[in-house]
Amino acid sequence: DASAQALRPQGARKASGDAARAALRHYERALAEFGAALRGEAIPEPAVAKTTATMASYLDRCRVLRLEFVDAPDAERDAANGAARRDVLAAMLERANYAVLARGVAARKAALAVVDDDDWGRYVCYAEAADCFVVYLKSLDADGTPAPDAVTRATREVLGELETLIARLNNKKEEPPKEEPPPPAATTTTAAVSDPHACPSGLLRDSD
């Protein structure tokens, strides 16, 4: 699925944790400012579609940066601010009718495609899916529209997965680092250690 693949960067994680976190702060501040502008009158109607597309690309970049951490990510420190992201998504939906449900479905597919032992990767994708689903369900509730059973069920499943992943990530954080076994001792002959000029065995034998 192309949309799911777009959510997941290819290759090994390579971002420096400090550099990625600094970039995340930049993108997330910009998203908050764009969201506030969308809710007001700072962005004229002809520019709404372009602004929303830019915001979507910033959300994509935030996800990629989180997925590429090379140092041990911390769910408490490095996770997205869910309330702030939901506020941004809600502004995009209300002003530009942004497809938050489609984004959530793609994020969930990406989470399912992550390898089993990559708890952080699954967490990042599931967290975004949950925020998208919640924003979508709240918009339906505000309009008095019944929520589709499939979306309600998917939201419950995603939230359940997040609880499990948070617990596993916290357990990993508390585990002591594994000690590397010492390298094997080098083996040398006694002659080589005691006398570098010693003759090899057999050369001092009397000739027959």
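Because the structure is predicted, anything quoted here is derived from the model rather than measured. Residue numbering note: each chain is counted from 1, following its sequence as written. Confidence filtering applies because this is a predicted model: local features only for residues at pLDDT of at least 70, side-chain atom pairs given and counted only at 80 or more, and all residues used for totals across whole chains, interfaces and linings. To get the side-chain values, take all heavy atoms of the structure and skip hydrogens and water.

Points about the confidence of the model for the protein chain
Reasoning step 1: Each residue gets a pLDDT score, which is the predictor's confidence in that residue and runs from 0 to 100. In this model, the protein chain carries an average pLDDT of 82, and 74% of its residues clear a pLDDT of 70 or more.
Reasoning step 2: Taking the mean pLDDT of every element in the protein chain, the minimum, 43, falls on helix α9 (residues 190-194) and the maximum, 97, on helix α5 (residues 82-96).
Reasoning step 3: Between residues 1-6, whose pLDDT stays under 50, and residues either more than four places distant or in other chains, the model counts 7 contacts.
Reasoning step 4: In this description, contact between two residues means that some pair of their heavy atoms is separated by no more than 4.5 Å. Confidence drops under pLDDT 50 across residues 8-13; counting only partners more than four residues distant or on other chains, this segment forms 16 contacts. We count a stretch as a helix when DSSP gives it H or I for four or more residues in a row; a strand needs E for two or more, and each element gets its number in order from the N terminus.

Points about the nonpolar core
Reasoning step 1: Core analysis: the largest hydrophobic core is formed by 47 residues, its most contacted members being Leu-89 and Met-92.
Reasoning step 2: Of all the secondary structure elements, the ones that give two or more residues to this core are α2 (17-39), α3 (48-67), α5, α6 (100-113), α7 (119-143) and α8 (149-174).
Reasoning step 3: Element by element, the count of residues in this core is highest for α7, at 14 residues.
Reasoning step 4: Apart from residues lying up to four places away in sequence, Leu-89 is in contact with Leu-59, Tyr-98, Val-100, Arg-103, Asp-131, Cys-132 and Val-135. Nonpolar cores are built from buried Ala, Val, Leu, Ile, Met, Phe, Trp, Tyr and Cys residues. Side-chain atoms within 4.5 Å join them into one set. We call a residue buried when its accessible area falls under 20% of the maximum for its residue type, exposed when it is over 50%, and partly exposed in between, using a 1.4 Å probe and counting protein chains only.

Remarks on the packing of aromatic side chains
Reasoning step 1: A pair of Phe, Tyr and Trp rings is counted when the ring centres sit within 6.5 Å of each other, with Trp represented by its six-membered ring. The angle between the planes then sorts it: under 30 degrees is stacked, over 60 is edge-to-face, the rest tilted. Under the definition given, this model contains 3 aromatic pairs.
Reasoning step 2: Ring centres of Phe-34 and Tyr-58 lie 6.1 Å apart, and the angle between their planes is 50°; this geometry places the pair in the tilted category. Residue Phe-34 is located in helix α2, and its partner Tyr-58 is located in helix α3; the two are separated by 24 residues in the primary sequence.
Reasoning step 3: For Phe-34, a relative accessible area of 25% puts it in the partly exposed group.
Reasoning step 4: Note on Tyr-58: relative accessible area 22%, which makes it partly exposed.
Reasoning step 5: Taken together, a centroid distance of 5.7 Å and an interplanar angle of 25° make the contact between Trp-120 and Tyr-123 stacked. Within this pair, Trp-120 and its partner Tyr-123 are both found in helix α7, separated by 3 residues, close to a single helical turn. With respect to class, Trp-120 is no different from Tyr-123; both count as buried.

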